[in-house]
Amino acid sequence: MTSLPATGRVIAVLGPTNTGKTHLALERMLGHRTGMIGFPLRLLARENYDRIVRLKGKATVALLTGEEKIIPAHPSWFICTVESMPLDRRVDFLAVDEIQLCADPDRGHVFTDRLLHARGQTETMFLGAETIKPLIRQLVPRVEFVTRPRFSQLSYAGAQKLQRLAPRSAVVAFSAADVYALAELMRRQKGGAAVVLGALSPRTRNAQVGLYQAGEVDYLVATDAIGMGLNMDVDHVAFAGLRKFDGRVPRGLDATEVAQIAGRAGRHMNDGTFGTTGDIGPIAAEIVDAVENHTFPPLQRLQWRNSDLRFTSIETLLGALNRQPDRPGLIRARDADDQLVLQALAADPEIAARARSPERVRLLWDVCQIPDFRKTLAEQHSRLLAVIFRHLSGPDERLPDDWLDQQIKRLDRTDGDLDTLIGRIANIRTWTYVSHRADWLTDAAGWQARSRAIEDRLSDALHDRLTQRFVDRRTTMLVRKLKGTDVLLSNVAKDGQVVVEGHFVGNLRGFQFEADHAEGIHATRTVAAAAQRALRPEIASRVALLAAEPDTAFALDDQGRILWQDNPVARLSPGATPLRPAVVLLPSDLIETAARDLLHKRLTAWIADFLAGGLAPLFAAQAAPLSGPARGLVFQLGEGLGSLPRRSAAAQIRPLSETDRKALARLDIRLGMESVFLPPLLKPASQSLRALLWCVHRGLSPLPAPPPGCITVPMVDGYPPGFYEAIGFRPLGSRAVRLDMLERFAAEVRHLARSGPFPASPALSARLNLSQGDVGHILEALGYRPEAGEPGPLYRTASRRPVGRPPRRPDKTESSPFAALRSLTRA
């Protein structure tokens, strides 16, 4: 295809990325009455079309791409893809972007044709890299060159691990599988990343880039599709690979390809860096030098295909396509997809029979130029185009509505995974392209609207799937909010659920924040930081409320934790005495020092009052006005949490006067034959509290007290013997006996022993609800010696009496002086 002759000046504006070449061309175009510019990507064309519409209005601007045509009645400027440029239209200004793509093996022949034949009436401008300069000079007469330097510096930063990449970085891989794997890793380590693939529709790609540009994510993972047409605020480009599959074989990236991709870093006046991820090693020094200094070897040849086609027959058309270039610097392009399809269809006798006139041959060529967006096997694409040609060359010379409806309807669904949605988008793009051939359809506008609507729905669904899979929306939103100084909107429900800026982040239990599960340490830290900032007002309110609460608002659980509103807020730890445990607030980064002191003071006061109530008889004894010996005995009772063996208290018991004994009796302190104890503290609630205090004082994990109502319990392996004494049980052999029942049992045994040896009778067993064998063990532990007897062993006193046993009362027949003397002697 060639344009009409023009005599205007031809300018080649060349330079690296980020030199403002495109901006310059658009300014020049808008300075002319009419103009046209061709971009290498539909995405770029649409982006710049929208920009010019905002400046000049829709009525003056046309958009022409393979899949989208917006042409007002009288447009002044045409924004196109290079393939869709209407070169038969006269315009004052004409420009082609990325002109170095003349060397591209797949599309290069189209760019070369524009370089050789497309001209504006007044001015023509070619934009691209310096590498094409010698060939432009050779092929384009009277061309002027303008070299533009890069606005910012691009420098090599070496290799970095993914987890150490700074925000506003792009990671580049060369396959969809690698992109997905890297994006998953970035989600776990960085909270998420936007994803850009060449297979994405423009709408999806723009939406993903929008996530990045808006700061919802700080990282981008992409294929080399970001190397062209995407202007983003990227500070660093990290290559996760240095080899790519070019459609035929895997090969290493050359310096110009590295520069094209790395050039995305540093936009306008901001410097940028490039490097690699830590697992692939460095970039070769010569490539780094070329990229940093923008010195690349010039292109040696440009791809060319004859555009002066003849349609007299299929054979004539193929001959024209196979023509060799006759100018130096050009090489015949390899057979493109449209030519391969033409060759395949020409071999079909039916197709060949239908294409016998120039009009039919031209129609066949137009059909062959339907792009294979699906990138399917050539045979599959050829079959579809054969069906289309048969319809168009039939009697109606149109695509049947019912057949077209069937093809499009099956694509109108948004279920499936990423690859399924990408495949449907590729399919619907084919039909969008077809819908813009008004001469092929009965209702072109209707089919255009329908196919575009389906593509938009699929694109939105794909964007949502990508975001759900690769972006932790909660983390990224919180990161963005934390960068500012605004107060985070938060709410704490009655059940403790914490919602920050509309996202559930965890639960507040008392003053401890339990973060919701988050993927990766970055997400966990972000959630914790957001909660700490958002919960400050709530914590201040809770501190004030707790400090003013009555004692009934608190409780102590069996693990030694103080509960408030059913949530633990503190724990007991060893204090100066078992009855004076220390209070330690549970760890929380949410409580400031002053608030911590206030909480500690209130909870310390409460635990003191709580223990004074739970062990009231013991605290009453400690507060009573007693003599020295009695106070000493009560002190020991306090250390023993309400009980102790009489043997241990013998030194305090001996000096007690009758008055002291009566005073202790009024305090309900029992001076038994085996133990000294407070009977009220043998009740289950008191035993549980005593067990907890004993364990806390010794720094042990809490041990459970025996079940209520037990008078003997088996000794548990691993339980310290002192534990049983502390809760009012006496270890005897393999069992422990409750002190009040031990006193009764011991009194009965002493009575039996006065009459000589005695058996472990059923009556004794019933007293402790134990077997006769167990009773025998307890008798031995009490100091009674077994001896042979019938039907079982007999027991007799092994010593005169246990240590600390009180003297027997004087016989009534003894005179009182002798009785008193005997009592003093025995005491």
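Everything here concerns the structure above.
Criteria and thresholds
- Residues numbered from 1 in each chain as written.
- Predicted model: local features only at pLDDT ≥ 70, side-chain atom pairs only at ≥ 80, totals over all residues.
- Heavy atoms only, no water.
- Helix = DSSP H or I, 4+ residues; strand = E, 2+ residues; numbered from the N terminus.
- Rg over C-alpha atoms; globule rule 2.2 N^0.38 Å.
- Buried < 20%, exposed > 50% of the residue type's maximum accessible area, 1.4 Å probe, protein only.
- Phe/Tyr/Trp six-rings, centres within 6.5 Å; stacked < 30°, edge-to-face > 60°.
- Lys NZ or Arg CZ within 6 Å of the ring centre and 35° of its normal.
- Pairing = 2+ DSSP bridges.
- Core = buried A, V, L, I, M, F, W, Y, C linked by side-chain atoms within 4.5 Å.
- Contact = heavy atoms within 4.5 Å.
- Axes fitted to C-alpha atoms, helices over the stretch in contact; angles between N-to-C directions.

Draft legend 1. The arrangement of the overall build of the protein in detail. Each helix and strand counted, the protein has 30 helices and 35 strands in total. Against the 2.2 N^0.38 benchmark of 28 Å for 827 residues, the protein shows a C-alpha radius of gyration of 47 Å, more extended than a compact globule. Counting only C-alpha atoms and orienting by the principal axes, one finds that the protein spans roughly 155 × 55 × 50 Å. Counting all 827 residues of the protein, 49% fall into the buried class.

Draft legend 2. Expanded view of the packing of aromatic side chains. With the rule as written, the count across this model stands at 11 aromatic pairs. Relative to phenylalanine 274, the ring of tyrosine 156 has its centre 5.4 Å away and its plane inclined at 50 degrees; by these criteria the two rings are tilted. With tyrosine 156 in strand S9 (residues 154-160) and phenylalanine 274 in strand S16 (residues 272-277), this residue pair connects regions lying 118 residues apart in the sequence. For the ring pair tyrosine 180 and phenylalanine 470, a centre distance of 5.7 Å and an interplane angle of 20 degrees mean the geometry is stacked. Separated by 290 residues along the polypeptide, tyrosine 180 in helix H5 (residues 176-190) and phenylalanine 470 in helix H16 (residues 444-470) bring together distant segments of the chain. Note on accessibility: tyrosine 180 and phenylalanine 470 belong to one class, buried. For the cation-ring pair, arginine 168 lies above tyrosine 212, with the distance from its terminal atom to the ring centre recorded as 3.8 Å. Between the NZ or CZ atom of arginine 469 and the centre of the ring of tyrosine 180, over which it lies, the distance is 5.1 Å.

Draft legend 3. Fine view of the sheet that holds strand S28 (residues 670-671). Strand order across the open sheet formed by 3 strands is S27-S29-S28, with antiparallel pairing between neighbours. Each edge of the open sheet carries a strand with a single partner, namely strand S27 (643-645) and S28. Across 3 bridges, the pairing between S27 and strand S29 (residues 675-677) is antiparallel. In the sheet register, proline 645 faces S29, and the bridge partner there is serine 675.

Draft legend 4. Main features of the nonpolar core. Membership of the largest hydrophobic core comes to 72 residues, with the highest contact counts inside it found for Phe511, Ile562, Leu603 and Ile669. Looking at which element gives the most residues to this core, the answer is helix H25 (residues 684-697), with 7 residues. The contact partners of isoleucine 562, leaving out residues within four places of it in the chain, are Ala555, Leu556, Asn567, Pro568, Val569, Ala570, Arg571, Leu572, Val583, Leu603 and Trp606. One finds Val179, Leu342, Ile428 and Leu462 within the second-largest nonpolar core, a separate group that totals 66 residues.

Draft legend 5. Up close: the sheet that holds strand S10 (residues 169-172). In spatial order, the strands read S9-S16-S13-S10-S12-S11; together these 6 strands make up an open sheet with parallel pairing. Every other strand in the sheet has two partners, leaving S9 and strand S11 (194-196) as the edge strands with one partner each. Between one strand axis and the next, the sheet turns through 25 degrees on average, direction left out of account. Note that S10 and strand S12 (residues 219-222) share 4 bridges and pair parallel. Across the sheet, the residue bridging to alanine 170 is leucine 220, located in S12. Docked against the sheet, helix H7 (residues 255-262) engages S9, S10, strand S13 (236-239) and S16, running at close to 135 degrees with respect to S13. Running over the sheet, helix H8 (residues 285-293) touches S9 and S16 and is turned about 145 degrees from S9.

Draft legend 6. Just the environment of proline 202, in detail. Relative to the elements of secondary structure, proline 202 occurs in helix H6 (residues 202-213). With residues up to four places along the chain from it excluded, the contact list for proline 202 reads Arg42, Leu43 and Glu455.

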